[in-house]
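This is what each chain is made of:
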Amino acid sequence: MHKRKAWFNWLPCLEWGSQYSKAAAGKDVLAAVIVTLMLIPQSLAYAMLAGLPPVTGLYASILPLVLYAIFGTSRTLAVGPVAVISLMTAAALEPHFSSGSADYMAAAMLLAILSGLVLLLMAVFRLGFLANFLSHPVISGFISASGILIALSQAKHILGVDAGGQTIAELLPSLWQGLEAVQWATVVLGVASLVFLFWVRKGLQPLLLKLGIAPVVASAMAKAGPVLAIVATVIAVSLLGLEQQGVKVVGAIPSGLPALSLPMMDLGVAWQLLPAAILISLVGFVESVSVAQTLAAKRRERIEPNQELVGLGSANIAAALAGGFPVTGGFSRSVVNFDAGAQTPMAGVLTAIGIALTALFFTPLFHNLPHAVLAATIIVAVLSLVDLASFKSTWKFSRQDFYAQFATFVGVLLLGVEVGIILGVSLSLILYLWRTSRPHFAVVGQLPGSEHFRNVQRYPEAICHPEVLSIRVDESLYFSNARYLEDIVLNLVHDKLQLKHLVIMCSGVNLIDVSALHSLRAVMHRLSSSGIQLHLSEVKGPVLDQLQHSRFLTELTGQVFLSQYAAIQQLQAREND
């Protein structure tokens, strides 16, 4: 039984596969059809966003889905190219390689395999917790700024002009200069596609329901909006000869499945791309796990973050071998997969089969697909990620989190995606250290008729005793706040001539490091020289175990009390005797 559980942990597919049923298969097939229709235009568009030929988007949507189905723990996560990771891929590669060149494509494959190896290495050492350093405000600021950058970067395709840049300071002037060469046929196609796709998101499904279409069919047709835009514009380009009028189209897309191959393994290039691979891995992991956990909670399923590292790492290596680029779990596709009724990762495998069939037989149909339509698909998708309202709510709740969120947002817009997210994470850590370096201390007193102790500034009725001073510490004690602890304690006891006992209430202390231990010793010796005993109360078990590994408890001039109430009762009784 133990061996079987171990196999299930490493290969989650064995668990759901052993229970697979015809009912689940039917729901998975329906979900796969809907997600395939959604994924085809997205894959083409996100490859273009990453600076790669559109067909690489299809390649990155086949094997990764299969590998994740084998190793991933989410039943409904849809893995493949996503907007933010595609933007980060372009940001990592464009400064060093010519977009669309053979070297660029090889570097994209190398970036994917590096990302996969980083994720697998994190899984081996169970380092999934590292993603916690990307706080929600930082991720929110990063995604909102990335959404704006992506939309601006795609405006050139809507206008039919040449423009470039990785930051808003580069994109806006470049677009402005290109306005003289606007291609109006492209503008008409692009704007019409934008209007249609925005309307489809909100208006098509209610309209179909009013017409008596079944809800499941109406939902599927609404999700297939980008496919309708593609079909209509391909027909328009073909019938009106718009390519000859200057409308840029995808052109010839090779048919067939990719030949599996290893990317170039130039150590110099790999070392150059490693920082970007680490950031892509962390951002992709956070996005994927947050989506997976949200959807799993709705069905009371369980996600194992460290096994997710294995699933996503395997998916990225598969993407590299198939000539693709970094992938992760997509929010919109996963939600569609869930809403469509997917029961198991088999829906992802079936989606991969649908994409493979498209790559084998239908790529010639995309020859006349305008770049403007793919750009419109991207813009509509990414603008839904922009959440400027969150800045207001973050400001009201926590100014420090707002500073980190705003710094990330501005950093991404002005300095680029990599610098922006590093700036946000760094500022978050600095603000955390600053906040915890000045922890909250409170002088507490006993509430009349109870065993509870509260801050005397909030509860003036709390009872204090001149011989006993009780201080509650609301933070772990470590090197950053050790000296602050000394200053606070010594300032509080400075003018209390009747004081004989100081009790530090440790209910909020989860850790005491060596620096804090030295400060506690210093406080104890200073108090002892003034005839004051130092006591501790409500010390948590792990902290007490830690203190027992030192000589501090044997040197302690006072006692360690189980509760603050017991401390006051015993010390008061001692003074009254």
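What you see is a predicted model; the values in this text were computed from it and never measured.

*Asks:* Even after reading the chapter, I still don't get unusual backbone geometry, so can you show me in this structure?
*Replies:* With the exception of glycine, the majority of residues adopt a negative phi angle, and the majority of peptide bonds are in the trans configuration. Phi at R300 is positive, roughly 55 degrees, even though this residue is not glycine. Tracing the backbone through its elements, the reader meets R300 in the loop between α13 (267-298) and α14 (305-321). Assessed through its relative accessible area of 81%, R300 is described here as exposed. Despite not being glycine, E538 shows a phi value in the positive range, around 55 degrees. On the secondary structure map, E538 appears in the loop between β7 (533-537) and α23 (541-547). Looking at E538, the relative accessible area reads 25%, which means it is partly exposed.

*Asks:* Looking at this model, I keep getting lost on helix α17 (residues 371-383). Mind explaining?
*Replies:* Here α17 contains 13 residues, and its C-alpha end-to-end distance of 18 Å stays within 8% of the 18 Å for a straight helix at 1.5 Å per residue. As for α17, its buried residues are in contact with α3 (22-49), α6 (83-93), α8 (136-159), α10 (184-210) and α12 (225-240).

*Asks:* Just checking my understanding: could you explain the packing of α8 against α10 for this structure?
*Replies:* Two measures define how a pair of helices packs: the angle their axes make with one another and the distance between the axes. Put simply, α8 and α10 touch, their axes get as near as 7 Å, and they point 125 degrees apart. The angle between α8 and α10 falls in the class oblique. Where α8 approaches α10, its residues H157, I158 and L159 are matched on the opposing element by T186, V187, G190, V191 and L194. A class-by-class count of the residues in the contact of α8 with α10 yields five nonpolar, three polar and no charged.

*Asks:* Mind showing me how you'd approach the UniProt feature "domain: STAS" (unreviewed entry) in the protein here?
*Replies:* In the numbering used here, UniProt assigns the feature "domain: STAS" (unreviewed entry) to residues 458-571. In the segment residues 458-571, helix accounts for 41% and strand for 16%; the C-alpha atoms at its two ends are 24 Å apart.

*Asks:* Mind showing me how you'd approach the pattern of salt bridges here?
*Replies:* Close approach of charged atoms allows side chains with opposite charge to pair. This structure, assessed with the given rule, holds six salt bridges. Between E304 and R302 there is a salt bridge, and its shortest N-O distance comes to 3.1 Å. For E555, the salt bridge is made with R551, and the minimal N-O distance between the two is 3.5 Å. In the salt-bridge network here, residues are joined through shared partners; they are R521, R551 and E555.

*Asks:* Before we go on, may I ask you to explain a nonpolar patch on the surface in this structure?
*Replies:* On the surface, L257, I353, L357, L360, F361, F362 and L365 cluster together into a nonpolar patch covering about 680 Å² of accessible area. With respect to the secondary-structure elements, L360 resides in helix α16 (residues 346-362). Of the residues examined, L360 reaches a relative accessible area of 32% and is grouped as partly exposed.

*Asks:* Would you take a moment to explain α10 for this structure?
*Replies:* When the terminal C-alpha atoms of α10 are compared, their 36 Å separation across 27 residues agrees well with the 39 Å that a helix rising 1.5 Å per residue should span. Of all the bends in α10, the largest measures some 55 degrees and sits at V200. Restricting attention to buried positions, one finds in α10 the residues T186, V187, L189, G190, S193, L194, L197, V200, G203, L204 and L208. One side-chain oxygen of the residue at the start of α10 lies 3.3 Å from the amide nitrogen of A185, identifying that residue as Q183. Taken from the residues just after α10, G212 is the one with a positive phi, measuring 90 degrees.

*Asks:* Would you mind going over the packing of aromatic side chains with me for this structure?
*Replies:* In this description, an aromatic ring pair is defined by two values, namely the gap between the centres and the angle between the planes. Evaluation of the coordinates by the stated rule reveals ten aromatic pairs. Plain terms: the ring middles of W395 and F402 are 4.9 Å apart, the flat faces sit at 80 degrees to each other, and that makes the pair edge-to-face. Taking the relative accessible area as the measure of exposure, F402 reaches 16% and is therefore buried. Between the aromatic rings of Y478 and F479, the centroid separation amounts to 5.0 Å while the plane-to-plane angle is 85 degrees, which identifies the pairing as edge-to-face.

*Asks:* Which parts of the structure should I look at to understand the packing of α13 against α14?
*Replies:* It is at 11 Å that the axes of α13 and α14 come closest, and there the two elements cross at 120 degrees. Judged by the inter-axis angle, α13 sits oblique to α14. Considering only the axes of α13 and α14, their crossing is right-handed. Contact with α13, carried on its side by F285, S288, V289, A292 and Q293, involves P305, E308, L309 and L312 of α14 and no other residues of that element. Considered class by class, the residues forming the contact of α13 with α14 number six nonpolar, two polar and one charged.

*Asks:* I'm lost on the environment of M346 in this one. Help?
*Replies:* By the element assignment, M346 lies in helix α16. Linking M346 and A24, residues 322 residues apart in sequence, is a C-alpha distance of 9.2 Å.

*Asks:* Can you help me understand the nonpolar core in this one?
*Replies:* Side chains that are nonpolar tend, in soluble globular proteins, to be buried together. Counting residues in hydrophobic clusters, the biggest one holds 119 residues, and the most contacted among them are M88, F142 and L369. For this core, the element with the most residues is α13, which contributes 16 residues. Of all hydrophobic cores here, the second largest spans 28 residues; its members include V489, C506, I532 and V539.

*Asks:* For this particular structure, what's the right way to read the environment of T167?
*Replies:* Structurally, the position occupied by T167 is in the loop between α8 and α9 (168-178). Overall, the relative accessible area of 7% leaves T167 in the buried class. Between the C-alpha atom of T167 and that of L208, which follows or precedes it by 41 residues, the distance is 41 Å. Excluding anything up to four places from it in sequence, T167 contacts L149, L413, L414, L415 and G416.

Basis of the calculations
- Residues numbered from 1 in each chain as written.
- Predicted model: local features only at pLDDT ≥ 70, side-chain atom pairs only at ≥ 80, totals over all residues.
- Heavy atoms only, no water.
- Helix = DSSP H or I, 4+ residues; strand = E, 2+ residues; numbered from the N terminus.
- Buried < 20%, exposed > 50% of the residue type's maximum accessible area, 1.4 Å probe, protein only.
- Expected span 1.5 Å × (residues − 1).
- Contact = heavy atoms within 4.5 Å.
- Axes fitted to C-alpha atoms, helices over the stretch in contact; angles between N-to-C directions.
- Parallel < 35°, antiparallel > 145°, perpendicular 65-115°, else oblique.
- Nonpolar A, V, L, I, M, F, W, Y, C, P; charged D, E, K, R; others polar.
- UniProt positions renumbered as here; feature names shortened; annotations may be inferred.
- Salt bridge = Lys/Arg side-chain N within 4 Å of Asp/Glu carboxyl O.
- Patch = residues over 30% accessible without salt bridge, like charges linked within 9 Å, V, L, I, M, F, W, Y side chains within 5 Å.
- Areas by Shrake-Rupley, 256 points an atom, 1.4 Å probe, with all protein chains shown as cover.
- Bend = angle between axes of the 7 residues up to and from the residue.
- Polar contact = N/O pair within 3.5 Å; in protein donor to acceptor, adjacent residues only side chain to side chain.
- Phe/Tyr/Trp six-rings, centres within 6.5 Å; stacked < 30°, edge-to-face > 60°.
- Left-handed = near helix turned anticlockwise from the far one by under 90°.
- Core = buried A, V, L, I, M, F, W, Y, C linked by side-chain atoms within 4.5 Å.

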